[in-house]
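A closer look at the structure
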Amino acid sequence: MTVWRNVTIVFVACTVYLLTVAGAHAEDDFSWSLLGKDTRGVISDLKGESIRVATDTHAATGLDPYWGGAAVAALGLAYLADTTVSSELRTNNTTADSLRDIGSFFGSPYLHLGVASGMYLSGGLAGNTGLKEYGVVLGEALVLADLSGAAIKQVVGRGRPNSTEHKDSMKPFAFERDYDSFPSLHTASSFAMASVVAQRTESVYISSSAYALAGLVGIARISQGAHWLSDVVAGAMLGELSGRIAVRYHASRTGTTSSTVTIMPTALNNGAGMVVMVRF
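Residues numbered from 1 in each chain as written. Predicted model: local features only at pLDDT ≥ 70, side-chain atom pairs only at ≥ 80, totals over all residues. Heavy atoms only, no water.

**What about the overall build of the protein chain?**
Along the protein chain, the regular secondary structure elements total 11 helices and 2 strands. Seen in sequence order, the protein chain has helices and strands lined up from the N terminus as α-α-α-α-α-α-α-α-α-α-α-β-β. Residues counted as buried form 41% of the 280 residues belonging to the protein chain. Of the contacts formed within the protein chain by residues at least 6 apart in sequence, a portion of 73% connects residues at least 24 apart. Total accessible area on the protein chain stands at roughly 14,800 Å², and carbon and sulfur atoms take up 64% of it. (Helix = DSSP H or I, 4+ residues; strand = E, 2+ residues; numbered from the N terminus. Buried < 20%, exposed > 50% of the residue type's maximum accessible area, 1.4 Å probe, protein only. Contact = heavy atoms within 4.5 Å. Areas by Shrake-Rupley, 256 points an atom, 1.4 Å probe, with all protein chains shown as cover.)

What follows is the structure in structure tokens.
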């Protein structure tokens, strides 16, 4: 797992570096005062997004009311299968352990926020407004998913599979470490990121890959005994909603569709690199 962690850290660092160097001709200087202004703007956006969800859920998410019923049904079915799925996935072998570690690491909310921050800072330093705005939207979606998920965890107080054998073990408002299973925060953060990526790209391959990776994170969390199936399903729903809210809120303010950012590997004469394309 240490190897994968090191490879990922190097990859993210190189990505941030390449994105920064690629925009050497910045139009505006990036300063701490600008960072403070943008931070206040993000806080204002989060407030506006919350109000919009409360006053007009359809406009905020783009989902019709019947999706709410479908979500409740899916969550109910997942709950019924909690014990069976948990037992089936918690197997012990080297391959399964590796997949669990990889999925759990790539689902880290801290890693996701780091990527969003890197995109924002890189865009700001390079004068690339599209990339910078992409980082802001992604960051807001992650904050919405993480904060709401963390709050729900403490209210519900559901026991984790590795600490209790019964899926109905609850300690609401207990604020205990092993009683914060519902929903899965790793899954919520992963699906929030996938949702933003899917809405900001026209590539079916990129969208599918983002959701597949998010799904792998959910499976990994169940396999580790950290969550029940219904925790993961609830996390996926929360993440998807958070991504939709952030993207649609920014699109409604500008009156246009959001810019699309695509990051692709490419072959060079003396090695490999990455190409960043921003379409407005």
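There is more to say, and it comes next.
**Details of helix H10 (residues 204–223)**
An ideal rise of 1.5 Å per residue puts 28 Å on 20 residues; H10 measures up with 28 Å between its terminal C-alpha atoms. What H10 keeps buried is the set Ser207, Ala210, Ala214, Val217, Gly218, Ala220, Arg221, Ile222 and Ser223. The residue sitting at the N-terminus of H10 and contributing the capping side-chain oxygen is Ser203; that oxygen lies 3.4 Å from the backbone nitrogen of Tyr205. Once H10 ends, the next one or two residues include Gly225, with phi positive near 80°. (Expected span 1.5 Å × (residues − 1). Polar contact = N/O pair within 3.5 Å; in protein donor to acceptor, adjacent residues only side chain to side chain.)

**Overview of the layout of surface pockets**
Empty space among the atoms becomes apparent when a probe as large as a water molecule is rolled across them. Of the volumes computed, that of the second largest pocket is approximately 550 Å³. Lining the second largest pocket are 23 residues, and of these Leu63, Trp67, Ala71, Met237 and Leu241 lie nearest its centre. Elements with a contribution of two residues or more to the lining of the second largest pocket: helix H3 (57–61), helix H4 (66–80) and helix H11 (229–254). Ranked by residue count, the leading element in the lining of the second largest pocket is H11, at 7 residues. Across the lining of the second largest pocket, the residue classes tally to 16 nonpolar, 4 polar and 3 charged. (1 Å grid on protein atoms, 1.4 Å probe; cavity = no way out; pocket = protein on both sides within 12 Å on 5 of 7 lines; lining within 4 Å. Points joined across faces, edges and corners; volume = space filled by probe spheres on them. Nonpolar A, V, L, I, M, F, W, Y, C, P; charged D, E, K, R; others polar.)

**A look at the nonpolar core**
Judged by nonpolar contacts, the single largest core of 22 residues is most densely connected at Leu138, Leu142 and Val196. Secondary structure elements with two or more residues in this core: helix H7 (109–126), helix H8 (129–156), helix H9 (185–199), H10 and H11. Excluding residues within four positions of it along the chain, Leu142 makes contact with His112, Leu113, Ala116, Ser189, Ala192 and Met193. (Core = buried A, V, L, I, M, F, W, Y, C linked by side-chain atoms within 4.5 Å.)

**Here we look at the environment of Ser203**
With respect to the helices, strands and loops of the structure, Ser203 is situated in the loop between H9 and H10. In this structure the side chain of Ser203 is engaged in a polar contact, spanning 3.4 Å, whose partner is the backbone nitrogen of Tyr205. Looking at Ser203, its side chain comes within polar contact range of the main-chain nitrogen of Ile206, at 3.1 Å.

**Focus on unusual backbone geometry**
A cis amide bond links Phe182 with the next residue in sequence, Pro183, at an omega value of -5°. Turning to its location among the elements, Pro183 is positioned in the loop between H8 and H9. In the Ramachandran plot, Phe173 falls in the positive-phi region, its phi being about 60° despite a non-glycine side chain. Relative to the helices and strands, Phe173 is located in the loop between H8 and H9. Within the chain, Phe175 stands out as a residue other than glycine whose phi angle is a positive 55°. Relative to the helices and strands, Phe175 resides in the loop between H8 and H9.

**Topic: the side chain of Asp45**
Its location among the elements puts Asp45 in helix H2 (residues 32–55). Beyond its immediate sequence surroundings of up to four residues, Asp45 is in contact with Glu140, Tyr249, His250 and Arg253.

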